[in-house]
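# Descriptive structure summary
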Amino acid sequence: MERVIKVGACMGMDSLARVINTIRRGKVQVLEISSKLGSNGDINIVIRVRGEESEIEWLRKKILVLVDVTSVEVL
Amino acid sequence: MIKIFQLSVKLFKPGKQCILVIPFGDALGTRGDGHGNSIKIRAADALVRAMKNLGVRHVFGIPGGSIMPVYDALYDAEDIKHYLFKHEQGAIHAADAYGRITKKPGVVLVTSGPGATNLVTGLANAYMDSSPLVAISGQVATPILGRDGFQETDIIGVTFPITKLNMQVRSPDDVVSAFTTGYIVSTEGRPGPVLIDIPRDVLLGSTGSIEPVPKIHPKAFGGEPSREEILKALRLLLNAERPVILVGGGVCWSGAWDDVITLAEILWAPIVSTFPGKNCVPNDHPLYLGPSGMHGRLEADAALANADVVLAVGTRFSDRTVGRFKEMNMKAIIHIDIDPSEIGKNVRTEVGIVSDAKKALKAMLRELPSAIQEEYNRQHSGRRSFIAWLKEIRRKYEEHIEARAGDMKPFAPWKVLKVLRRTVPPSTIVTTGVGSHQMWCELHWDVYIPGTFITSAGLGTMGFGLPAALGAKIAASNRPVMLIDGDGSFQMTMNNLSLVRDYGLPIIAVIFDNRALMLVKQWQIYMYSRRVIATEFTKNPDFVKIAEAYGIEGYRPSSYEEIESIVRRALRTDEPVIIDIELDNEKDIVLPWVKPGEWLTNAVPPEGLEVDLIWKG
């Protein structure tokens, strides 16, 4: 199934790299990544993935535990 | 300098969800000149003063061009002792062990480029074993950054996947905040390593921002577990026929061993552990059966394999512990872990409790009414039969290896461990390298006091043992520290032996010397049709002479009694010693063994031992 993972974080490009490193290790197919950087390190990342529900849920939790991530939503 | 300030990117933003101000007070002990004017000081000095005020007393490292401002600041810091290692890998393993003993992050200082890249194995090791440390790497000056300057490496890019947090500081004003953040983050929640990369000109810059705020803080996982989850878990445990408690490393960090034991005694549930979990429960408790998994005890494998309900605490369900996930998924699993991403990662859980181990176990004990205990005790006498069967497996195994001890000449590795165990005090801290000696320790070293066994479990880093022993001795100078190493593992970091005399660190080093990379050779024998290649050393250095070269007594004993005598003398005189234990590299095969991908009941027992690990009731 396809899902969109929306991530909010507060360390700019470093947060993006950390999230990508996490996603890269998941057993999902990444279809699209986009991000928008605000001032002071705010960043919103949107990742469209295809994979099993359980794997997407694991990714959600794995991203959530990243220190600089402020929110994760799976749509 | 102005340019630096203009280029600086604020790492932290107040008011965000990820920010938490920790009441550390004024970590620098000063805010101004007393007349309302802020004092500007060199960022490197501010960093060292922040270290001091946060309680850092020991740092480990090697200086170089980019980190020199910090070393210059340390020159005046009488309260902080620096330990000069021979290689950065040694420094970071020492800091790792120091953190595991003190429960405070070990601090490592290295320069840019190779200094920083030499940390990579140590960071990955600490990350895999959830060990707290803060590594500070110097970096080339900001005008050169990204231009392939001399000794420039993008260490942030390199270490993203092996750090809990990493950050490059671009402004002198952020140096103290970054360190304080790293110091807190490394121990909060699930511990882990943090790397802070600081360009040389930033360290040399002046700052008035000396207060350690704001902070990025791990989100508050691991609060009070819900009563509903606790009750559900208890119902499963009470109704189980063969409940088993699987203890992981998280129990140690949480200090929850008493609660594990109390619960096990009430439930009459055998305790098995992961390899790091061996360090988290007194191994001489009657309900503790040992570690399960690839080089686990047969009785522990049998317990976990035949359990109907498993209460797993502070473990990530490594393949090394459970062998195969398919069979584990057929059990009812209650999983307690402070890291929500561990719940359901490798096995399907019936009840997942995101919590600190101690909090969750305390809640379980609180909710376990005595009436239910009595009722269940009457109904579940079958658990006693199960435990008796497991103990019988243990008896058979112990008798079998004892009868065959004479076949392993000059020494049976497991018997050496028994001699060492009865010779050193229970409080002795033991560190290991990685290899067959480590697996013998997994099987036969009894941890009497939780927290006294330090090993590289997750990453399996050969060379970890010696620097870890040095770090442990620095952390606990009043306790004996013993390294149990293999000759292959020892030779990977033995250059750090010089610290024994440099700083007066009297460790006991025992080398299991089989002149081979024995565990790999074992795989070649069993899994690659005995096609032994690149695992046997044609000639080893003389470890007794190596010892002498470093000003340490070295011995090559010829009997178990001699080993005991050497160790007793070293303990009595508080002198370091290296003991070279020669082993037969044809006989030094670590069994039992669960081959990779096999289920626990398929453990290969020692030759000649017949034992069925499937419970027939």
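Residues numbered from 1 in each chain as written. Chains lettered and ligands numbered in written order. Predicted model: local features only at pLDDT ≥ 70, side-chain atom pairs only at ≥ 80, totals over all residues. Heavy atoms only, no water.

What chain A contains, in helices and strands, is two helices and four strands. Ordering the α and β elements of chain A from the N terminus gives β-α-β-β-α-β. The C-alpha radius of gyration computed for chain A amounts to 11 Å, which stays within 12% of the reference 11 Å derived for 75 residues, consistent with globular compactness. Overall, chain A is about 35 × 20 × 20 Å in size when its C-alpha atoms are taken along their principal axes. For chain A, with 75 residues in total, the buried portion stands at 51%. Once local pairs closer than 6 in sequence are excluded, the contacts in chain A between residues at least 24 apart make up 70%. Accessible surface for chain A amounts to roughly 3,700 Å². Of this, 49% is attributable to carbon and sulfur atoms. Chain A carries 12 positive and 10 negative side-chain charges, and their two centres are separated by 3 Å. (Helix = DSSP H or I, 4+ residues; strand = E, 2+ residues; numbered from the N terminus. Rg over C-alpha atoms; globule rule 2.2 N^0.38 Å. Buried < 20%, exposed > 50% of the residue type's maximum accessible area, 1.4 Å probe, protein only. Contact = heavy atoms within 4.5 Å. Areas by Shrake-Rupley, 256 points an atom, 1.4 Å probe, with all protein chains shown as cover. Lys, Arg positive; Asp, Glu negative; His and termini not counted. Charge placed at Lys NZ, Arg CZ, Asp CG, Glu CD.)

Time to look at the pairing of strand β17 (residues 481-486) of chain B. Residues and elements named next belong to chain B. Across the six residues of β17, six count as buried, placing the element largely inside the fold. With burial as the criterion, each face of β17 is covered, one bearing V481, L483 and D485 and the other bearing M482, I484 and G486. One ladder, built from five bridges, connects β17 with strand β18 (residues 508-513); its direction is parallel. Residue D485 lies in a different strand from β18, and its bridge partner there is I511. (Pairing = 2+ DSSP bridges.)

Now for the domain arrangement of chain B. Residue and element names in this part refer to chain B. On domain assignment, one finds that chain B holds domain 1 (2-207), domain 2 (227-391) and domain 3 (409-587). Contacts between domain 1 and domain 2 engage eight residues on the former and six residues on the latter. Buried surface at the junction of domain 1 and domain 2, both sides included, amounts to about 660 Å², of which 62% is carbon and sulfur. Viewed at the interface, domain 2 and domain 1 are joined by two salt bridges. Connecting domain 1 to domain 2 are two residue pairs in polar contact (both at pLDDT 80 or more). Taken together, the residues of the side of domain 1 that touches domain 2 break down into three nonpolar, three polar and two charged. (Domains from an automatic or database assignment. Buried area = accessible area lost by both parts, 1.4 Å probe. Salt bridge = Lys/Arg side-chain N within 4 Å of Asp/Glu carboxyl O. Polar contact = N/O pair within 3.5 Å; in protein donor to acceptor, adjacent residues only side chain to side chain. Nonpolar A, V, L, I, M, F, W, Y, C, P; charged D, E, K, R; others polar.)

Residue and element names in this part refer to chain B. Inspection of the secondary structure puts N125 in helix α6 (residues 120-128). Here N125 falls in the buried class, since its relative accessible area comes to 0%. Not counting residues within four places of it along the chain, the set of residues in contact with N125 comprises H93, D96, R100, S456, L459, T461 and F464.

Residue and element names in this part refer to chain B. Among the nonpolar cores identified, the biggest contains 65 residues, and M328, L420, W445, M482, I484, I563 and I581 are the most heavily contacted of them. Shared between two domains, this core holds at least three residues of each, these being domain 2 (227-391) and domain 3 (409-587). When residues no more than four places from it in sequence are discounted, the contact partners of M482 are L420, V424, T428, I429, V430, T431, W445, I508 and V510. In terms of nonpolar packing, the next biggest core, distinct from the first, is built from 50 residues, L195, V481, L483 and V500 among them. (Core = buried A, V, L, I, M, F, W, Y, C linked by side-chain atoms within 4.5 Å.)

With 15 residues, helix α4 (residues 88-102) of chain B should cover 21 Å at 1.5 Å per step; its first-to-last C-alpha distance of 21 Å lies within 8% of that length. Count one or two residues on from α4 of chain B and you reach K103 of chain B, which has phi positive near 65°. (Expected span 1.5 Å × (residues − 1).)

Moving on to the sheet that holds strand β6 (residues 165-168) of chain B. Residues and elements named next belong to chain B. Taking strand neighbours across the sheet as the criterion, the six strands line up as β3-β2-β4-β5-β7-β6 in an open arrangement whose pairing is parallel. Two strands close off the open sheet at either side, each with one partner strand: β3 (81-84) and β6. Neighbour-to-neighbour, the strand axes of the sheet open up by a mean angle of 20°, direction not taken into account. Judged from the four bridges that link them, strand β2 (residues 58-61) and β3 form a sheet pairing that is parallel. Following the sheet pairing, V59 is matched in β3 by H82. Sitting on the sheet, α6 touches β5 (133-139) and β7 (193-199), and the angle it makes with β7 is about 145°. (Axes fitted to C-alpha atoms, helices over the stretch in contact; angles between N-to-C directions.)

On to the confidence of the model for chain B. Residues and elements named next belong to chain B. Per-residue confidence for chain B gives a mean pLDDT of 91, with 90% of residues at or over 70. Across residues 1-17, confidence stays below pLDDT 50; counting only partners more than four residues off in sequence or on other chains, it has 40 contacts. A low-confidence stretch, residues 19-31 (pLDDT under 50), is modelled with 34 contacts involving residues beyond four sequence positions or located in other chains. (pLDDT = per-residue confidence, 0-100.)

Within this structure, the stated rule accounts for 36 salt bridges over all chains. Residues D129 of chain B and R100 of chain B are paired through a salt bridge, measuring 3.2 Å at the closest nitrogen-oxygen approach. Residue D129 of chain B is located in the loop between α6 and β5, and its partner R100 of chain B is located in helix α4; the two are separated by 29 residues in the primary sequence. Judged by its relative accessible area of 17%, D129 of chain B falls in the buried class. The shortest N-O distance in the salt bridge between E342 of chain B and K345 of chain B comes to 3.1 Å. E342 of chain B gets classed as buried once you look at its relative accessible area, which sits at 3%. Sharing partners across several salt bridges, the network here consists of E2, E32, R48 and R50 of chain A.

Another point: unusual backbone geometry. Residues and elements named next belong to chain B. In this model, K409 is joined to P410 through a cis peptide bond whose omega is 0°. Mapped onto the secondary structure, P410 falls in the loop between α18 (382-404) and α19 (413-423). The omega angle of the peptide bond from L591 to P592 is 10°, so this bond is cis rather than trans. Within the secondary structure layout, P592 lies in the segment after β20 (577-582). Positive phi values are uncommon outside glycine, yet F317 reaches one of about 55°. Checked against the element boundaries, F317 lands in the loop between β12 (309-313) and α14 (319-322). Backbone geometry places D574, a non-glycine residue, at a positive phi of 55°. Within the element layout of this structure, D574 appears in the loop between α26 (560-573) and β20.

A few words now on the sheet that holds strand β1 (residues 2-9) of chain A. All names here are of chain A. If you trace the four strands from one edge of the open sheet to the other, you get β2-β3-β1-β4, paired in antiparallel fashion. Unpaired on one side and paired on the other, β2 (29-37) and β4 (69-74) mark the two borders of the sheet. Averaged over all adjacent pairs, the angle separating strand axes in this sheet is 15°, with direction ignored. Against the sheet, helix α2 (residues 53-64) touches β1, β3 (43-50) and β4, its axis set at about 165° to β4.

What follows deals with a nonpolar patch on the surface. On the surface, I20, V30 and I33 of chain A cluster together to form a nonpolar patch covering roughly 210 Å² of accessible area. The topology assignment puts I20 of chain A in helix α1 (residues 12-24). (Patch = residues over 30% accessible without salt bridge, like charges linked within 9 Å, V, L, I, M, F, W, Y side chains within 5 Å.)

Below, the discussion takes up the packing of aromatic side chains. Geometrically, a pair of aromatic rings is defined through the distance of the ring centres and the angle of the planes. All names here are of chain B. Applying the stated criterion across every chain, the model contains 13 aromatic pairs over all chains. Between F386 and W389, the ring centres sit 6.1 Å apart and the planes meet at 25°, which makes this aromatic pair stacked. With a gap of three residues between them, F386 and W389 both fall in helix α18, about one helical turn apart. Like W389, F386 is buried. Clustering of aromatic rings is evident, with ring pairs tying together F60, Y83, F85, Y98 and Y503. The residue whose ring lies beneath R384 is W268, and the NZ or CZ to ring-centre distance is 4.5 Å. A cation over an aromatic ring shows up here: K415 above the ring of Y560, its NZ or CZ 5.6 Å from the ring centre. (Phe/Tyr/Trp six-rings, centres within 6.5 Å; stacked < 30°, edge-to-face > 60°. Lys NZ or Arg CZ within 6 Å of the ring centre and 35° of its normal.)

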